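Coordinates in review
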Amino acid sequence: MTENTNAPVQEEQSLSELLQIRRDKLKELQDAGMDPFQQTKYSVTAHSQEIKDNFETMEGQTVSVAGRLMSKRGMGKAVFCDLQDAQGRIQLYVRIDELGEEPFARFKKVDIGDIVGVEGEAFRTKRGEISVKANKVTLLSKSLRPLPEKFHGLTDKETRYRQRYVDLMVNPEVKRNFVVRSRFIQFMRSYLDNMGYIEVETPVLNTIAGGAAARPFITHHNTLDIDMYMRIATELPLKRLIVGGMDRVYEIGRIFRNEGMDPKHNPEFTTVELYQAYTDFHGMMDIAEGILSGAAQSILGTYEVEWQGEKLNLAPGWRRLTMVDAVKEYAGVDFGAITDDAEAVAAAKAIGVELAETADKTWGNALYACFDQKVEEQLIQPTFITMYPVEVSPLTKRSPQDPRLTERFELFVCHSELANAYSELNDPIDQRSRFEKQLELRERGDEETEMLDEDFLTALEYGMPPTGGMGMGIDRCVMMLTNADTIRDVILFPTMKPLD
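Throughout this document, residue positions are counted from 1 along each chain, in the order its sequence is written. Note on the predicted model: pLDDT of at least 70 is required for a residue's local features to be given, and 80 or more for side-chain atom pairs to be given and counted; whole-chain, interface and lining totals, by contrast, use all residues. For side-chain calculations, the full set of non-hydrogen atoms in the structure is used, while hydrogens and water are omitted.

**Describing the sheet that holds strand 7 (residues 205-206)**
Strand pairing is assigned whenever DSSP detects at least two bridges linking the two strands. Only DSSP runs of H or I covering at least 4 residues are called helices, and only runs of E covering at least 2 are called strands; the numbering of each starts at the N terminus. Pairing is antiparallel across the open sheet formed by 3 strands, whose spatial order is 7-9-8. Strands at the two margins of the open sheet, each flanked by one partner only, are strand 7 and strand 8 (218-221). Note that strand 8 and strand 9 (residues 226-230) share 4 bridges and pair antiparallel. When the sheet's bridge partners are listed, Ile-218 is paired in strand 9 with Tyr-229.

Here it is as structure tokens:
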């Protein structure tokens, strides 16, 4: 078989012709004094799903609907169309004897993708489909580009993410993810507000990047002539507010980290961070579980969800496991029986775990490396992993029972981290020494470490009460609630490499 090397050229020419045809139709309308772009508003009295849900009372009533034409069938004296609005789709029935000869002739020239307003009667066809019988059609906006892949929708993922507006048009099921996202954030706000939390806003641009271990984006402020960092966390400003006496605060905000992109990471993402005076990380566990299990029940109507091929049970009562116990259970190494640093590093090496080159060869780093490399991937059902080594928790209060550990947890579901929380470190002397340790690591080449924030240390010296704090990744939580494979499916406009 001979390859048709002209196919792409023919396709390009075909698209070019379609674009020209649509522009010619627009010119014809404009010349006739019927420019659709002169329309400034349209009175909508009903939506597609509303008509279907309330058909018994709306049957025979005059309704006014508006939306995008997604299909046209029949070109004789009657045309059936599908109109898509904010709630879904509804069939239109357009007849020449209802519309009139001239308006019907104009309507036949309307293209799929055009936005129209339709006034007519809500009725049920002989086949039983709830529809609108049009008696007046108004062209509200001309689509100058044809919708992609008329019969198969937009399937190329790269194009879907780059042109989300088209994705939402032709793949209406995509909208569900973002409806769930919106409802999740609403639920979370309501949950925290009802607990007496105050929602606040903190700076996106900072002179120091702090509050997390990550590489920041750097920008320049022209007037001040200084480099500034886009925030990698909201932690330090929020804890300043705790010092100031705002005992319960939270912020839902965009975070920016100059790191890689994969199914779980996007350079800009959304978190909620919350801080509560006079509680600890156990209080934060209760809140994390309450938000996620409550949201599942409220939004989805069930605690049973599926994600990444696993069936999950989000009903309250999630497992809480110390990191030492988790490594013992899943990797077979009992760090609780090891006290010597060298012995701990050797135990890790015995199961194939090597510490990072920049990491000190300590018991805590060996424990964390074993968890990170051998345990995390095995955590499927919701599990709080608690008591992290102090080496990887520079802002966390030490455990009174074991100063090598901190009162910290991370929440794992389907081997994905959804939340991170601490009993916050409020000892300014200990905090300074840990910042200085982080600076040593930066000097050794580890860029993803904390910077020393003198103003934050000054705040701590005024006294911060015992505090529990937590950060939760909203994007990953929505991924779980929508069974999304990639973070790009729950971010409307994910970061994309520019096309050449």
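Moving on, there is more to tell.
**Examining the domain arrangement of the protein chain**
Much of the literature gives interface size as the accessible area that the parts lose upon coming together. Where each domain starts and ends comes from a domain assignment, either automatic or drawn from a database. What the domain assignment reports for the protein chain is domain 1 (17-147) and domain 2 (170-318 + 381-489). Averaged C-alpha coordinates put domain 1 and domain 2 at centres separated by 47 Å.

**Observations concerning the side chain of Arg-434**
By secondary structure assignment, the location of Arg-434 is in helix 14 (residues 428-443). With residues near it in sequence (within four places) discarded, Arg-434 still touches Val-390, Ser-393, Pro-394, Leu-395, Thr-396, Lys-397, Arg-398, Thr-406 and Leu-425. Whether two residues are in contact is decided by their heavy atoms: any pair within 4.5 Å suffices.

**Section: the environment of Leu-274**
Here Leu-274 shows up in strand 11 (residues 268-277). The rule is simple: take the accessible area with a 1.4 Å probe, protein chains only, and divide by the maximum for that residue type; under 20% is buried, over 50% is exposed, in between is partly exposed. Classification of Leu-274 as buried rests on a relative accessible area of 0%. Taking the C-alpha atoms as reference points, Leu-274 and Glu-377, separated by 103 residues in sequence, lie 27 Å from one another. Sequence-distant contacts of Leu-274, that is, excluding residues within four places in its chain, are made with Leu-192, Tyr-197, Val-249, Tyr-250, Met-284, Ile-287, Gly-468, Gly-469 and Met-470.

**Some remarks on the UniProt feature "binding site: Mg(2+) 1" (unreviewed entry) in the protein chain**
UniProt positions are given in the numbering used here, feature names are shortened, and annotations may be inferred rather than shown by experiment. Mapped onto this structure's residue numbering, the UniProt feature "binding site: Mg(2+) 1" (unreviewed entry) falls at Glu-410 and Glu-417. Along the polypeptide, Glu-410 turns up in strand 16 (residues 405-413). For Glu-410, a relative accessible area of 7% puts it in the buried group. Any N or O atom pair separated by 3.5 Å or less is treated as a polar contact, with the protein-specific requirement of one donor-capable and one acceptor-capable atom, and with residues adjacent in sequence counted only for side-chain atom pairs. Engagement of the side chain of Glu-410 in a polar contact is seen with the side chain of Tyr-388, the distance being 2.5 Å. Within the secondary structure layout, Glu-417 lies in strand 17 (residues 416-423). By relative accessible area, Glu-417 is classed as partly exposed at 28%. In this structure, Glu-417 is in contact with Glu-410, Leu-411, Phe-412 and Arg-476, ignoring residues within four places of it in sequence.

**Examining the nonpolar core**
Within soluble globular proteins, side chains that are nonpolar generally end up buried alongside one another. The nonpolar core is taken to be a set of buried Ala, Val, Leu, Ile, Met, Phe, Trp, Tyr and Cys residues, with the residues joined through side-chain atoms within 4.5 Å. Counting 73 residues, the largest nonpolar core has Phe-184, Val-327, Phe-335, Met-470 and Met-480 as its most contacted members. Not counting residues within four places of it along the chain, the set of residues in contact with Phe-335 comprises Val-324, Val-327, Ala-344, Trp-363, Ala-366, Leu-367 and Cys-370. Judged by nonpolar contacts, the second largest core, of 25 residues, contains Leu-29, Ile-51, Leu-69 and Val-118.

**Some remarks on the pairing of strand 10 (residues 248-256)**
Burial within strand 10 is extensive, with 7 of its 9 residues counted as buried. Note that strand 6 (residues 198-199) and strand 10 share 2 bridges and pair parallel. Each residue of the ladder has a partner; that of Ile-198, found in strand 10, is Val-249. Bridge count between strand 10 and strand 11: 9 bridges; the pairing is antiparallel. Residue pairing for strand 11: Ile-252 is matched across the bridge by Val-272.

**Remarks on the side chain of Asp-475**
Relative to the elements of secondary structure, Asp-475 occurs in helix 16 (residues 474-482). Taking relative accessible area as the criterion, Asp-475 reaches 2% and is therefore assigned buried. With residues near it in sequence (within four places) discarded, Asp-475 still touches Arg-181, Phe-269, Thr-270, Ile-487, Val-490 and Ile-491.

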